[in-house]
Amino acid sequence: MPLSSKDVENIAHLARLRFAENEVPAFTDNLSRIIDFVNQLEAAPVGDAPPMAHPLDQPQRLRKDVVTEKDQRAEFQKNAAAIEAGLYLVPRVIE
Amino acid sequence: MHEKSVAALAAGLASGEFSSVELTRHYLDRIERFDGDLNAFITVTAEQALDQAAVADRDRADGKAGPLTGIPIAHKDILCTEGVRTSCGSRMLDNFVSPFDAAVVARLREAGAVSLGKTNMDEFAMGSSNETSYYGLVRNPWDHSRVPGGSSGGSAAAVAARLAPAATGTDTGGSIRQPAALAGITGIKPTYGRVSRYGMIAFASSLDQAGVLAQSAEDAALLLAAMSGFDERDSTSVDRAVPDYAGGLAEDQREKLRGLRFGLPKEFLDDGLEPGVRVALEEAIKVYESLGVEIVPVTLPNLPLSVPTYYVVAPAECSSNLSRYDGVRFGYRCEDPSDLEDLYKRSRSEGFGDEVKRRIMTGTYVLSAGYYDAYYLKAQKVRQLISADFKNAFSEVDMIIGPTTPGPAFEIGAKTDDPITMYLNDIYTIGANLAGLPAMSVPAGFVDGLPAGIQLVGNYFDEQRLLGVAHGYQQVTHWHTQAPAAYGSE
């Protein structure tokens, strides 16, 4: 089932990616080949095998609901492109 | 000095033959001299390394030295290092200076190891040739026209060229074992959950596991022992005691090998296996038989589905993990975004390279509405079958043996046009990731002057025996001591 360039544009939007018009054909071709390749799984005789959740069948560990992290906001925000008064800046969303 | 193993270097440090500062300077000089061609390092932390070495020398003088005190190592640039750029091979993180150390980094540092710097890798560990790095490709020290494998290609090249005695790596589908095989060194990926993933930049969380690339099983044991163990900050970390891996190797391995049963899966001997690697495997099998190992044919009937299964599960988890790169909190941010969507889309499209985008797109597609059952759920069921195949095999045998890769190192650019051809290079390694099993690659000969590796897969948490089996082989063979001529003795 080959993907169309429209499909690729839709997936790109879901993934918050953008492709230039001249990149779309190559990505469409590559992605179609990958999907064709994984389509082999359709014929796999899985029967009633349960989907694997963890390689060691280990349940998710829980911990006590207590504060364990200390405030390192200033440290972490050194890696941000735009901050002000401890807040991250993004383009205006509310007019 | 660089000819020596970690164990021998530790002895040299202990006897006072050289200091850690001298040793560290020697490796920094080699990096300076040779890495211009190889490009194994993204960042060299010379000053910090010499500081750490001086601390190690003081600790030793104070009688506080362990087996890794003062030993220089290199870290794959997927592991966060406090105060040092952690790029993951991507433009996206070119400006990211980690505010903390990964658990692996912290543990090795606590054990006294000295970090020389951060090694090159495929972008976000997505690749099998180290050709997708934003910082340029890495060359194979055995032949500069060939790839070193990937994604831990920088670590593999650095150890093979003796620019570092050992290095850390991570393995999601073969990213430690495949480059180890192609570079003629030893690599181990432990059981899923053995080593903490805290501070290791996530690719596919149900498969990612850190391990070691080194000259020998003995050296790998020394590092793995320091890296392993429970960490409550990683929810998949397993709370289980860590054996004394290196100490365990002191016991007579020949005694331990005698009477073991190794399974040889017929699926590992498919048409894709090149004759040279097949010969190396057959020779290795003869060596094990001479040591009293019984080779038993086994079957892993669902293994041929491992690559398509992986290329659903890994991209799905990657698309989720990499959604965090939004141009807001850290990482690359595009210039002058017109609105929030433009900020997200342009930051991600300009920050990620093509292979990463392909994986994100594949993952987004297989997880999208209407396709989840057909792809992701189905793949996780097939994964259960593959895992059950291994469990069945391990009910009859102690270890599984096979090739690590279909062939030796390939030419740069040979597989970049077709992603599927590149993906199939991991056909023998992916199974262990899907099942969560520990596995190693061990040098086992040469094909036209290029190294070939064999793979050993152990049962869950059987790293001690896995290392012992590799060490036993290395006690009677010399493949692991070979270094490329240009980087050998002074």
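Placed above this text is the structure.
What you are looking at is a predicted structure, and each value in this text was computed from that prediction instead of being measured.

**Concerning the overall build of chain B**
1) Next: Summing up its helical and strand segments, chain B has 17 helices and eleven strands in all.
2) Next: In terms of overall size, chain B behaves like a compact globule, its C-alpha atoms giving a radius of gyration of 21 Å where 490 residues would be expected to give roughly 23 Å.
3) Next: For chain B, the spread of C-alpha atoms along the three principal axes comes to 65 × 55 × 45 Å.
4) Next: Residues counted as buried form 67% of the 490 residues belonging to chain B.
5) Next: Of the contacts formed within chain B by residues at least 6 apart in sequence, a portion of 76% connects residues at least 24 apart.
6) Next: Element-wise, carbon and sulfur atoms account for 48% of the exposed surface of chain B, whose accessible area totals about 15200 Å².
7) Next: For chain B, the separation between the mean place of its 44 positive charges and that of its 63 negative charges on side chains is 3 Å.

**Observations regarding unusual backbone geometry**
Residue and element names in this part refer to chain B.
1) Next: Cis geometry marks the peptide bond from Gly150 to Ser151, where omega comes out at 10°.
2) Next: In this structure, Cys88 is a non-glycine residue whose phi angle is positive, near 60°.
3) Next: Relative to the helices and strands, Cys88 is located in the loop between strand S2 (72-76) and helix H4 (103-110).
4) Next: Its relative accessible area of 1% is what places Cys88 among the buried residues.

**Things to note about the packing of helix H2 (residues 20-38) of chain B against helix H3 (residues 46-61) of chain B**
Residue and element names in this part refer to chain B.
1) Next: It is the contact of H2 with H3, at a shortest axis distance of 8 Å, that shows an interaxial angle of 155°. Relative to H3, the element H2 lies roughly antiparallel. Of the two possible hands of crossing, H2 and H3 adopt the one that is right-handed. Residue-level contacts link Ser20, Val21, Thr24, Arg25 and Leu28 of H2 to Ala46, Ala49, Leu50, Ala53, Ala54, Ala56 and Asp57 of H3.

**Observations regarding the layout of surface pockets**
1) Next: Taken as a whole, the largest pocket encloses approximately 700 Å³ of empty space.
2) Next: Lining the largest pocket are 23 residues, with B:Cys80, B:Phe100, B:Tyr198, B:Gly199 and B:Arg324 sitting closest to its centre.
3) Next: Split into classes, the residues belonging to the lining of the largest pocket amount to 13 nonpolar, five polar and five charged.
4) Next: In this structure, the second largest pocket encloses a volume near 340 Å³.
5) Next: Taken together, A:Gln60, A:Arg61, A:Leu62, A:Arg63, A:Thr68, A:Glu69, B:Tyr198, B:Glu232, B:Arg233 and B:Ser235 form the lining of the second largest pocket.
6) Next: Looking at the lining of the second largest pocket, its residues break down into two nonpolar, three polar and five charged.

**Digging into the packing of aromatic side chains**
In this description, a pair of aromatic rings is defined by centroid distance and the angle of the planes.
Residues and elements named next belong to chain B.
1) Next: Under the definition given, this model contains 20 aromatic pairs over all chains.
2) Next: Consider the rings of Tyr310 and Tyr311, whose centres lie 4.9 Å apart with planes at 75°: the pair is edge-to-face. Pair check on accessibility: Tyr310 and Tyr311 agree, each one buried.
3) Next: Linked through ring pairs, Phe96, Phe124, Tyr325, Phe330 and Phe352 together constitute an aromatic cluster.
4) Next: When the ring centre of Tyr198 is taken as reference, the NZ or CZ atom of Arg233 above it lies at 3.9 Å.
5) Next: The ring of Phe410 carries Lys415 above its face, with NZ or CZ at 4.9 Å from the centroid.

**As for empty space enclosed by the protein**
Residue and element names in this part refer to chain B.
1) Next: For the coordinates displayed, the defined rule picks out one cavity of 30 Å³ or more.
2) Next: If you add up the space inside the largest cavity, you get close to 50 Å³.
3) Next: If you go around the largest cavity, the residues you meet are Ala125, Met126, Gly127, Ser128, Thr172, Gly173, Ser175, Phe203, Tyr310, Tyr311, Arg359 and Asp426.
4) Next: Here the residues of the lining of the largest cavity sort into five nonpolar, five polar and two charged.

**Points about the nonpolar core**
Residue and element names in this part refer to chain B.
1) Next: Counting residues in each nonpolar core, the largest one holds 175 residues, and the members touching the most others are Phe124, Phe262, Tyr288, Phe390, Leu456 and Leu467.
2) Next: Broken down by element, this core gets its largest block of residues, nine residues, from helix H14 (residues 373-394).
3) Next: Grouped together as the second largest cluster of nonpolar side chains are six residues, Ala181, Leu182, Ala409 and Phe410 included.

**Points about the pairing of strand S6 (residues 210-214) of chain B**
All names here are of chain B.
1) Next: Burial analysis of S6 places five of its five residues in the buried class, the great majority of the element.
2) Next: Both faces of S6 are covered, namely the face carrying Ala210, Val212 and Ala214 and the face carrying Gly211 and Leu213.
3) Next: Sheet topology places strand S4 (residues 166-170) next to S6; five bridges connect them, and they run antiparallel. For Ala167, the partnering residue across the bridge sits in S6 and is Leu213.
4) Next: Two strands pair when backbone bridges link them, and strand S5 (residues 186-189) and S6 are joined in this way by three bridges, in the antiparallel orientation. Looking across to S6, one finds that Thr186 is bridged to Ala214.

**Focus on a nonpolar patch on the surface**
1) Next: Judged by side-chain polarity, A:Phe76, A:Ile83 and A:Tyr88 come together as a nonpolar surface patch covering roughly 250 Å² of accessible area.
2) Next: Among the residues examined, A:Ile83 registers a relative accessible area of 40% and is labelled partly exposed.

**Description of the pairing of S2(B)**
Residues and elements named next belong to chain B.
1) Next: For S2, the tally of buried residues reaches five of five residues, placing the bulk of the element in the interior.
2) Next: Two strands pair when backbone bridges link them, and S2 and strand S3 (residues 114-119) are joined in this way by four bridges, in the parallel orientation. Bridging across to S3, Lys76 finds its partner in Thr119.
3) Next: For the crossover that starts at S2, traverses H4 and ends in the parallel S3, the hand is right-handed.

**Concerning the interface of chain B and chain A**
1) Next: Taken residue by residue, the interface counts 70 residues in chain B and 49 residues in chain A.
2) Next: Between chain B and chain A the total buried area reaches about 5300 Å² when both faces are included, carbon and sulfur atoms providing 67% of it.
3) Next: Taken as a group, B:Lys345, B:Met361 and B:Tyr365 account for 13% of the area that chain B buries against chain A, more than any other trio of residues on that side.
4) Next: Across the contact surface, chain B and chain A share two salt bridges.
5) Next: Across the salt bridge formed by B:Asp342 and A:Arg18, the nearest N and O atoms sit 2.9 Å from each other.

The rules we used
Residues numbered from 1 in each chain as written. Chains lettered and ligands numbered in written order. Predicted model: local features only at pLDDT ≥ 70, side-chain atom pairs only at ≥ 80, totals over all residues. Heavy atoms only, no water. Helix = DSSP H or I, 4+ residues; strand = E, 2+ residues; numbered from the N terminus. Rg over C-alpha atoms; globule rule 2.2 N^0.38 Å. Buried < 20%, exposed > 50% of the residue type's maximum accessible area, 1.4 Å probe, protein only. Contact = heavy atoms within 4.5 Å. Areas by Shrake-Rupley, 256 points an atom, 1.4 Å probe, with all protein chains shown as cover. Lys, Arg positive; Asp, Glu negative; His and termini not counted. Charge placed at Lys NZ, Arg CZ, Asp CG, Glu CD. Axes fitted to C-alpha atoms, helices over the stretch in contact; angles between N-to-C directions. Parallel < 35°, antiparallel > 145°, perpendicular 65-115°, else oblique. Left-handed = near helix turned anticlockwise from the far one by under 90°. 1 Å grid on protein atoms, 1.4 Å probe; cavity = no way out; pocket = protein on both sides within 12 Å on 5 of 7 lines; lining within 4 Å. Points joined across faces, edges and corners; volume = space filled by probe spheres on them. Nonpolar A, V, L, I, M, F, W, Y, C, P; charged D, E, K, R; others polar. Phe/Tyr/Trp six-rings, centres within 6.5 Å; stacked < 30°, edge-to-face > 60°. Lys NZ or Arg CZ within 6 Å of the ring centre and 35° of its normal. Core = buried A, V, L, I, M, F, W, Y, C linked by side-chain atoms within 4.5 Å. Pairing = 2+ DSSP bridges. Patch = residues over 30% accessible without salt bridge, like charges linked within 9 Å, V, L, I, M, F, W, Y side chains within 5 Å. Salt bridge = Lys/Arg side-chain N within 4 Å of Asp/Glu carboxyl O. Right-handed = clockwise from strand over helix to strand, strands pointing away. Buried area = accessible area lost by both parts, 1.4 Å probe.

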